[in-house]
Every structure is written in C-alpha cells, then in structure tokens.
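# Breakdown of the fold
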Amino acid sequence: MKQITGNKLLVKALKEEGVEKLFGYPGATTIDLSDELGRDGTIDIILPRHEQALVHEADAYARTTGKVGVCLVTSGPGATNVVTGLATANYDSVPLVCFTGQVARALIGNDAFQEVDIVGITRSITKYGVTVRKREDLGRIIKEAFYIARTGRPGPVLVDLPKDVMGELGSPEYPKTVNIRGYKPSTGVHIGQLKKALKMLQKAKRPLFLAGGGLNISRADEIFTQVVEKTQVPVVTTVMGRGAIPTDHPLFVGNLGMHGAYAANMAVSNCDLLFSIGTRFNDRITGKLHDFAPKAKIVHIDIDTSSISRNVHVDIPIVADAKEAIEKMAEYVMPVNTIRWLSQIDDWKKEHPLTMKTGKKLSPLDIIEEINRQFDRAILVTDVGQHQMLVAQYAQINHSKHLIMSGGLGTMGYGLPGAIGARIGNPDHAVIAITGDGGVQMNIQEMATAVLEELPIIICIFNNEYLGMVRQWQKLFYGKRYAMTNLRSGALSRRTNGEEYPEYTPDFVRLAESYGAKGYRVTKTEEIAPAFEEAKKNTKCPTLIEFIIDPEEMVYPMIQPGGNLEEMIMDC
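On a predicted model such as this, the values are computed, not experimentally measured, just so you know. (Residues numbered from 1 in each chain as written. Predicted model: local features only at pLDDT ≥ 70, side-chain atom pairs only at ≥ 80, totals over all residues. Heavy atoms only, no water.)

Taken N-terminus to C-terminus, the directions of helix α1 (residues 6-16) and helix α7 (residues 138-150) make an angle of 30°; their axes are 10 Å apart at the nearest point. Relative to α7, the element α1 is oriented roughly parallel. Crossing of α1 against α7: the hand is right-handed. Taken together, the residues of α7 that come into contact with α1 (itself represented by Gly-6, Leu-9, Leu-10, Ala-13 and Leu-14) are Leu-138, Gly-139, Ile-142 and Phe-146. Partitioned by chemical class, the residues of the contact of α1 with α7 number seven nonpolar, two polar and no charged. (Axes fitted to C-alpha atoms, helices over the stretch in contact; angles between N-to-C directions. Helix = DSSP H or I, 4+ residues; strand = E, 2+ residues; numbered from the N terminus. Parallel < 35°, antiparallel > 145°, perpendicular 65-115°, else oblique. Left-handed = near helix turned anticlockwise from the far one by under 90°. Contact = heavy atoms within 4.5 Å. Nonpolar A, V, L, I, M, F, W, Y, C, P; charged D, E, K, R; others polar.)

If you want it as structure tokens, here you go:
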C-alpha cells in the first residue's frame, strides 16, 4: 500500500467527510497543506481577510446549512486570531472543526517563531482540542473531530497540526467508524420522563412552552409548531429560539428576557408550568434567579446534561435531542384547556403592546418592517447591539425566513462575516446583514471577501454615531455621561474648548464603492423601500445601505439591572 503524507491524508479526509467549503488563511506551517488543497482542487476554498472573520463565516455556514464548518489557519497569530470565533461558536453550539498549523514537534515548548499552545489557550471554549503528535494517529483524530463536533450538543473542535507530522509519510487509510471511550452522546428519549412531563402539561391551568436555541439547532421548528397547535399551549422564545414557531402565529407571545416583550415576561412570571426546550436559562432571560417563574413547575429538555438544573432547578429533566423529543411528544400530546390563560396573555399584549415611538428622524422599526414586506425567503444575520435586539423583537421569522446572531458571547463584528458564510451556504436565499456603525467596523475588511466571491448580500448599517447599547445604559443609569461611546468624536470628546465634532468617519458609501460594492445612504423614511429595491437588482456584488438613525432611539422594554422579569422599564 502506497504511503502518503499527512497533508494528503487530511485532504482525503475532508472529502470523505463531505466537506465542500473550507474557510482558510495560509501561513508558514500550513503552506504545504494549502498546496495540496490547491492541487486537488475539489474543495472550494474561501479566503477571508482576517482569521476571526474566517471562523464567523464558517460558523454561519454551519448554522444555516446544518453541515460542519471547517477552518484552516496557520500557527501563532493565525491560531490566536480564531479564539473569539471559537468562543462564539462554543456558546451557541455550532459544529466547527478548526485546523491550526503548529511548529515542528522538536520546536514545541522552545518559544519558536509563531509557536503558541493553542490547545491550552482554547481548552475552555472548545468541545475538544488536541495536538497530533504521531502521524499514525492523524486519520483517527480527524474522524473523531468531525464526530465530536456534530454529535450531542454540537460545538467547535480544534485540531493542532505540527508541520513535521503533516509532512511525514504514513498509511492512506481513513477510518470508517468512531469509537471514543468516555464519549457516548445521549440518543433517544426517556419515554417515562416524557410521559410524566406531558401528564403535568395536561393538568396545568397556565402552561407555557419556552423554546430556546437548541430547538432551532435541531431544526425542529415545523414539528414543534404542530405540537403547539395540537395542545393550544402558548409559546415564548429566547432570542436564539426566535423562529421556533412563526412569529405571526397566534400562539406566539414573544421573546422573554432583558429586552423581552411585556406579555412574554409576564407569562413566564405567572405560568404554573414552564415546559422548556433547548435553553441554558442564562441571566439574560431569567433576571433574578430566585424570582424566575416563581409559580411554575419546570420541565427541561436539553441535549446537554450539564445544562439541566445548572442555573434553574427543574422538576422534570429530560436529556434528549430537541427534535427527537418533540417528535415523540407529537405522538402523545392532547389538547389543553388554555382559553382563560390565553385571554390573560392577550390582555397583557394590549396593556403594553410591543411598539416604538415614531420621531422626526428615521426609525429602525420602519427599516425592519420594510425588510418584513420585501423579503419572504431570507436569512437575517445581525451583529450585536441595539439593532440586534430590535430585529429580535420586530423581524418576522418563520419556516422560510431565519435569524442568526452571536447570542451567548455577544460578539461585535459577527454580522458581516456571518452574512458571507450564510450566503455561501445558501446561494438561493436573500441574505441581509443588519449591523451597527460600531460592529460593522470590527470586520469591515470582509467587504473584499464578499466582492471577490460575488455575493449579493445586503448590508444594513444602523448608523447612530454611537455604541448604542452601551449608550442606552449610560443614558438610563449613568447620568447621561457618554464616556467612550461617541464614534464620531474621537479625541475631541476629551477636549473642553467647544470644538465641533468632525464629519463621521468613515464615509460608508464611499468605502463600499472603493471595495467594488454598491453603496447607498438613507436619511428619510420614503427612501427605505427604493434602497432595498435597488439592492435586489445587484446580483453579482454586495450592497451596503447606511441608515442614519437618531442616537436617542432606545430598545424597550428593558429589565432593570438586578431586577426580575416583572420589573420592566417600558419607556422614558
């Protein structure tokens, strides 16, 4: 049997794993692997402009296709640049396999040029990380990496590749199966526990489904909607769970949590059974832990055993994949009498409807509503900040329109590369990045990637000249002292001689045009619809639309710091 190098085996392994797209950036320790990939030519290589963006692109590709995202970077700074992206994927349970170059084994530990212990650095933010020490272990480790990334609770796996190992000759065989001692992901559903939970659901007077991101990860939205309609139990979602049921469905109450709808937060605070699926109960949805769902028994279905009863004590734990559990539920559930409960929820909706005041300037709500009108089949990718919460509140999400974002880590800079990855994985979908003037500049260099890949994504920049979410906190809780949040002022914010602030930099429209993209600036409500119509005509390049937003626009409701779900600031 003819022996092959480790580089050739990795290329073979990628093809056997069904990898079609690889997001990679080259360097000294991976140049031989880049050469093998180029000579083979069967895997499409996406070349970004920064390694952090590279991981976000692979992340969004994975989220929107259900496939494993694959990354390749060099050692040293190439490896350390992926840390934020790996942490983002880890928090949001995204299946990634990230290959990092490493110096030759004899140099490891000697402070060699571009040597870092990337496995040690990322140990707490990856599902698994390993340095390949022997050529004979390479095939097995790659096979295990893909298996670990996609099974159980999905997550990122890092495989560190010393240059000499990859150049060494060895067996061309790639394993067909995986057998990892100590890693046996839970499969199936404990029917006894599930029936116990459904019996409790049947007896409840004020039951409520809480759908988290795990439900969307398992792609259980359609079967979940069927279960909801059969039981007539209302639904609240986390931000990451939005879309688990169509947002215009009569049984959908809204998002809960820090910027949740009034009716959703009140429903959680007053329900007698909270039937939770695929959520970690993090602080952004619970508020004060001891005040969370104080009147409710709690059922919790989650693929990750460690997530159950970690933050919130639950009465019936069920360790299972969300879709498998819901498919079993569909076989057993019966209608529940929720007429009075739904009437109470409807009263809360009427008492404080989810809406925004319309001012003299351009309103974010007008922009989001125009997106709702013009795009039926789309993927919305947000950055992090006020615009993210507004999209989570007002964007219509259903079985053909999806929403992705950095949820658990809250990573600014995710929006633009995320849109690139989503479009690469879904060429038949409209992809719209919704970002702020702060977040977009964290990975603005990816405009080049979008232009060269001829991706007709639409980039919506909500420009309020501030880091808006931090400014909102400063306005409400820090006496309107806007320290470090005015993006227009720069150094002038430290001066006291009354100098006027300069023009905003950069000029986003001219910047887009310099990259070879289309750029438009919108300042009036009547310009919103024509801007999107023009953007849809650009089928071979990205379109950037800068919306000039009033800095005073706020995101309401908002839970007070340290408050519970009923202590909401409705306006000010």
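Read on, since the account is not over.
Let's shift gears to the sheet that holds strand β9 (residues 207-211). Strand order in the open sheet formed by six strands is β11-β10-β9-β12-β13-β14, with parallel pairing between adjacent strands. At either end of the open sheet lies a strand with only one pairing partner, and these are β11 (252-255) and β14 (316-319). Strand-to-strand, the axes of this sheet are offset by a mean angle of 15°, without reference to chain direction. Contacts between helix α12 (residues 262-270) and the sheet are confined to β9, β10 (235-237) and β11, with β11 contributing the most and set at about 100° to the helix. Contacts from helix α14 (residues 322-332) reach β9, β12 (273-277) and β13 (297-302), with the element oriented near 130° to β12. (Pairing = 2+ DSSP bridges.)

What follows concerns the side chain of Glu-546. Assignment of secondary structure puts Glu-546 in strand β20 (residues 543-548). A distance of 2.7 Å separates polar atoms of two side chains, one belonging to Glu-546 and the other to Asn-463. Those residues in contact with Glu-546 that lie beyond four places of it in its chain are Ile-461, Asn-463, Phe-508, Val-509, Tyr-520, Arg-521 and Val-522. (Polar contact = N/O pair within 3.5 Å; in protein donor to acceptor, adjacent residues only side chain to side chain.)

Overall, the coordinates contain 12 aromatic pairs when judged by the stated rule. Ring geometry for Trp-473 against Phe-477: centres 5.5 Å apart, planes inclined by 70°, an arrangement best described as edge-to-face. Placement of both Trp-473 and Phe-477 in helix α20 (residues 468-477) is noted, with a separation of four residues, approximately one turn of the helix. Taken together, the aromatic side chains of Phe-375, Phe-462, Phe-532 and Phe-547 make up a single cluster linked through ring pairs. Positioned above the aromatic ring of Tyr-482 is the side chain of Arg-471, whose terminal nitrogen or guanidinium carbon lies 4.2 Å from the ring centre. The ring of Phe-375 is capped by Lys-536, whose NZ or CZ atom sits 5.2 Å from the centre of that ring. (Phe/Tyr/Trp six-rings, centres within 6.5 Å; stacked < 30°, edge-to-face > 60°. Lys NZ or Arg CZ within 6 Å of the ring centre and 35° of its normal.)

Scanning the entire structure with this criterion turns up 30 salt bridges. A salt bridge links Arg-105 to Asp-164; the nearest nitrogen and oxygen atoms lie 2.8 Å apart. Of the two residues, Arg-105 is situated in the loop between β5 (96-102) and α6 (118-121) and Asp-164 in helix α8 (residues 163-167); the sequence distance between them amounts to 59 residues. Of the residues examined, Arg-105 reaches a relative accessible area of 29% and is grouped as partly exposed. If you follow the salt bridges from partner to partner, you end up with Lys-8, Asp-35, Glu-36 and Arg-39 in one network. (Salt bridge = Lys/Arg side-chain N within 4 Å of Asp/Glu carboxyl O. Buried < 20%, exposed > 50% of the residue type's maximum accessible area, 1.4 Å probe, protein only.)

This part is about the pairing of strand β17 (residues 430-436). By the criterion of burial, β17 is predominantly enclosed, with six of the seven residues buried. Across five bridges, the pairing between strand β15 (residues 378-382) and β17 is parallel. Across the sheet, residue Leu-380 finds its bridge partner in β17, namely Ile-432. The pairing of β17 with strand β18 (residues 458-463) spans five bridges and is classified as parallel. Bridge assignment links Ala-433 to a residue of β18, and that residue is Ile-459. Remark: the β17/helix α19 (residues 447-452)/β18 crossover connection has right-handed handedness. (Right-handed = clockwise from strand over helix to strand, strands pointing away.)

Turning to the environment of Glu-465, a few remarks are in order. Checked against the element boundaries, Glu-465 lands in the loop between β18 and α20. Taking the C-alpha atoms as reference points, Glu-465 and Gly-436, separated by 29 residues in sequence, lie 9.0 Å from one another.

Another point: the packing of helix α16 (residues 364-374) against helix α22 (residues 528-537). At a minimum axis separation of 10 Å, α16 and α22 run at an interaxial angle of 45°. One finds that α16 runs oblique with respect to α22. Crossing angle aside, the handedness with which α16 passes α22 is right-handed. Where α16 approaches α22, its residues Asp-366, Ile-367, Glu-370, Ile-371 and Gln-374 are matched on the opposing element by Ile-528, Ala-529, Phe-532, Glu-533 and Lys-536.

The subject of this paragraph is the sheet that holds β20. Here we have six strands laid out as an open sheet, ordered β16-β15-β17-β18-β20-β19, and parallel in their pairing. For this open sheet the edge positions go to β16 (401-404) and β19 (518-522), each flanked by a neighbour on one side alone. Sheet twist, expressed as the mean angle between neighbouring strand axes with direction ignored, is 20°. In terms of strand pairing, β18 meets β20 through six bridges, oriented parallel. Across the sheet, Ile-459 pairs through a bridge with Leu-544, a residue of β20. Packed onto the sheet, helix α21 (residues 508-515) meets β18, β19 and β20 and runs at close to 170° relative to β19. Sitting on the sheet, α22 is in contact with β18, β19 and β20, with an inclination near 170° to β20.

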